[in-house]
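Observations on the three-dimensional arrangement
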Amino acid sequence: MANITTYDFIDSNKRKTILLMTLFPVSLVVLVYLGILFVSFMGGSHGGTHTPLNTANLLAMQILPIISVIAIAWVLISYFFGQNFILSAAGAVEITRETAPDIIRIVENIAITAGLPMPKVYVINDESLNAFATGRDPQHSYIALTKGIVNKLEKPELEGVIAHEMAHIGNRDIRLMLIMVVCISFATIAAQILLRIAFVRGGRSSGGKRGGGQLLFVVLALALYLYGYLVAPLIKLAVSRTREFQADATAALLTRNPEGLANALRKISGNSVVQTLKDKETMAAMCIESPLDSDKRNSFFSKLSGLFATHPSTEERIKALMTMDGYRS
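All residue numbers here refer to positions counted from 1 along the written sequence of the relevant chain. In keeping with the predicted nature of the model, local features appear solely for residues at pLDDT of at least 70, side-chain atom pairs appear and are counted solely at 80 or more, and the whole-chain, interface and lining totals rest on all residues. Derived side-chain values reflect all non-hydrogen atoms in the structure, with water molecules and hydrogen atoms excluded from consideration.

**Observations concerning the sheet that holds strand β2 (residues 120–124)**
Heads up, the rule is: Paired strands, as defined in this entry, are two strands with at least two bridges between them according to DSSP. Here a helix means four or more residues in a row that DSSP labels H or I, a strand means two or more in a row labelled E, and each is numbered from the N terminus. Here the axes come from fitting lines to C-alpha atoms, over the contacting stretch only for helices, and the angles between their N-to-C directions go from 0 to 180 degrees. The criterion used for residue contact is that any of the two residues' heavy atoms lie within 4.5 Å.
Spatially, β1-β2-β4-β3 is the arrangement adopted by the 4 strands of the open sheet, whose pairing is mixed. At either end of the open sheet lies a strand with only one pairing partner, and these are β1 (92–95) and β3 (131–137). Along the sheet, successive strands turn relative to each other by an average axial angle of 30°, direction set aside. Where β3 and strand β4 (residues 140–146) come together, 6 bridges link them in antiparallel fashion. Along β4, the bridge assignment pairs Thr134 with Tyr142. Against the sheet, helix α3 (residues 101–114) engages β1, β2 and β4, with an angle of about 135° to β2.

**What about the pairing of β3?**
Regular strands place side chains that alternate from one sheet face to the opposite one. What counts is decided by this rule: Only protein chains enter the accessibility calculation, which uses a 1.4 Å probe; a residue whose area is less than 20% of its type maximum is buried, one above 50% is exposed, and one in between is partly exposed.
For β3, the tally of buried residues reaches 7 of 7 residues, placing the bulk of the element in the interior. If you look at the hairpin formed by β3 and β4, you'll find 2 residues sitting between the two strands.

**Description of the packing of aromatic side chains**
Where we set the bar: Note on aromatic contacts: the rings of Phe and Tyr and the six-membered ring of Trp form a pair at centre separations within 6.5 Å, being stacked when their planes are under 30 degrees apart, edge-to-face when over 60 apart, and tilted otherwise.
The tally for this structure, following the rule as stated, stands at 2 aromatic pairs. Considering the side-chain rings of Tyr79 and Phe80, the 4.9 Å spacing of their centres and the 85° angle between planes classify their relative orientation as edge-to-face. Residue Phe80 is classed as partly exposed on the basis of its relative accessible area, which comes to 39%.

**Some details on a nonpolar patch on the surface**
What counts here: To count toward a patch, a residue needs a relative accessible area over 30% and no salt bridge; like charges are then connected within 9 Å, while nonpolar side chains (Val, Leu, Ile, Met, Phe, Trp, Tyr) are connected within 5 Å. Shrake-Rupley sampling with a 1.4 Å probe provides the accessible areas, and residues are treated as covered by the protein chains on show and by no other component. Salt bridge, as applied in this entry: a Lys or Arg side-chain nitrogen positioned within 4 Å of an Asp or Glu carboxyl oxygen.
Residues Ile72, Leu76, Ile77, Phe80 and Phe81 make up a contiguous nonpolar surface patch of about 480 Å² in total accessible area. Relative to the helices and strands, Phe81 resides in helix α2 (residues 52–90).

**What about the pattern of salt bridges?**
Within this structure, the stated rule accounts for 6 salt bridges. Between Glu108 and Arg97 there is a salt bridge, and its shortest N-O distance comes to 2.8 Å. Taken as a pair, Glu108 in helix α3 and Arg97 in the loop between β1 and α3 lie far apart in primary sequence, 11 residues in all. For Glu108, a relative accessible area of 25% translates into the label partly exposed. Asp248 is the salt-bridge partner of Arg317, the closest N and O atoms lying 2.9 Å from each other.

**Examining α2**
Side chains of residues three or four places apart in an α-helix project in the same direction, reflecting 3.6 residues per turn. For the record, the criterion: Here a helix's expected span is defined as the number of its residues, less one, multiplied by 1.5 Å. A residue's bend is given by the angle between axes fitted to the 7 residues ending at it and the 7 residues starting at it.
With 39 residues, α2 should reach 57 Å at 1.5 Å per residue; the first-to-last C-alpha distance of 45 Å falls well below that figure. The principal kink in α2, of about 75°, is found at Phe81. Among the residues trailing α2, Gly91 stands out with phi positive, at a value near 70°.

**Focus: the nonpolar core**
Short version of the rule: In plain words, nonpolar cores are sets of buried Ala, Val, Leu, Ile, Met, Phe, Trp, Tyr and Cys residues tied together by side-chain atoms within 4.5 Å.
Counting 37 residues, the largest nonpolar core has Ile103, Leu145, Ile149, Val161, Ile162 and Met166 as its most contacted members. For this core, the secondary structure elements donating two or more residues are α3, β2, β3, β4, α5 (155–170), α8 (243–255), α9 (258–268) and α12 (314–324). Counting residues in hydrophobic clusters, the runner-up holds 34 residues, among them Ala60, Leu64, Met180 and Tyr227.

**A word on unusual backbone geometry**
For Arg172, which is not glycine, the phi dihedral falls at a positive 65°. Structurally, the position occupied by Arg172 is in the loop between α5 and α6 (173–204). Relative accessible area serves as the criterion here: at 18%, Arg172 is assigned to the buried category. A positive phi angle is found at Arg256, which is not glycine, with a value near 55°. For Arg256, the position within the fold is in the loop between α8 and α9. Note on Arg256: relative accessible area 76%, which makes it exposed.

**Some remarks on the confidence of the model for the protein**
Quick reminder of the rule: The predictor attaches a confidence to each residue, and that confidence, scored 0 to 100, is pLDDT.
Confidence in the prediction for the protein averages 81 pLDDT; 80% of positions are at 70 or higher. Per-element averaging of pLDDT across the protein places helix α11 (residues 300–306) at the bottom with 54 and β2 at the top with 98.

**With respect to α3**
The following threshold applies: Throughout, the arc means the angular range of directions from the helix axis out to the C-beta atoms.
Between the first and last C-alpha of α3 there are 20 Å, a value that for 14 residues agrees with the 20 Å anticipated at 1.5 Å per step. Among the residues of α3, Ile103, Ile104, Ile106, Val107, Ile110 and Ala111 are the ones counted as buried. Along α3, the residues classed as buried sweep out an arc of 160° about the axis, all on the same side. In this structure, α3 carries Asp102 and Ile112 as exposed residues pointing more than 90 degrees from its buried face. Among the structural elements, β1, β2, β4, α4 (147–152), α5 and α8 are those in contact with the buried residues of α3.

**What to know about empty space enclosed by the protein**
For clarity, the threshold we go by: Using a grid of 1 Å spacing that covers the protein atoms alone, one calls a set of points a cavity when a 1.4 Å probe fits there but cannot get out, and a pocket when the set is open and has protein on both sides within 12 Å along at least five of seven lines; lining residues are those with an atom within 4 Å of a point. Grid points are joined across faces, edges and corners, and a volume is the space filled by probe spheres set on the points. For this scheme, ten residues count as nonpolar: Ala, Val, Leu, Ile, Met, Phe, Trp, Tyr, Cys and Pro. Four count as charged, namely Asp, Glu, Lys and Arg, and the remainder, Gly too, count as polar.
Here the structure, examined in full by the defined rule, presents 1 cavity of 30 Å³ or more. Ala133, Glu165, His168, Asp173, Ile174, Met177, Arg243, Ala285 and Met286 are the residues that line the largest cavity. Elements represented by at least two residues in the lining of the largest cavity include exactly α5 and α6. In terms of residue count, the dominant contributor to the lining of the largest cavity is α6 (3 residues). Residues of the lining of the largest cavity, tallied by class, amount to 5 nonpolar, 1 polar and 3 charged.

Encoded structure:
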């Protein structure tokens, strides 16, 4: 990791962004087709040319173009407007030099040191300690801080946190995570809608044909859930597991104070649950520490996604920072 430069991370993340934007619609279409195929085989053959495979292909020709267009459109929307969705979901409110001059001054100084444009700064009205950065590039970047992290950290600690988020902006990690969050959200929301439609159809119908339609909706919903909680986290492995270490190291270099960020991580750990984000599993990877409550952290889907987590443990991160600062483990 010591031989990997910031420019290497930027180039790598650009390639991964293209990969993710391609894999999202492709993997979604494959899963949906497999779901259609499963329903067709469950219905059995109707004789002649109406084999399960032919039936699946006919259904796929009707359904897949619609899903493909929606998926591609959603990727493009997420690329250009996804940060609005994320900031709104977090309940973040923009601050300015007039409303919070001290915070703006810290962000501005670190942006100048990093050689990056000044991001817009938002505050989440929550006493927990957490933060995240989002946006599609340094020219369109945003940093969100909880009220608690602003009020409860010492200045060197807050500088470390802001520098960490600024490093994510500089490394273009924000673009990768933006696309991942919005795409996974699309899959899980679409799955919930399909399940509701299936239950409504189930309550209103009793015929075999309509029952088959209900099964199709259920299977498609399960395929989308499978994408959101298993396939997408696997794709998320394309986001390097070293990105948090790289951001921590960059932050320490920007502030020239590894201990500041290490102390901040100690305080953040165990006090990071954000009310507006505590049940939003798709956004957890964006934050400096998980904002989920204990129920969500221990849920089946969270543990399933957590098998492919890109965040190293807080203890590992502190140990790495202390090594930079000349401490022995």
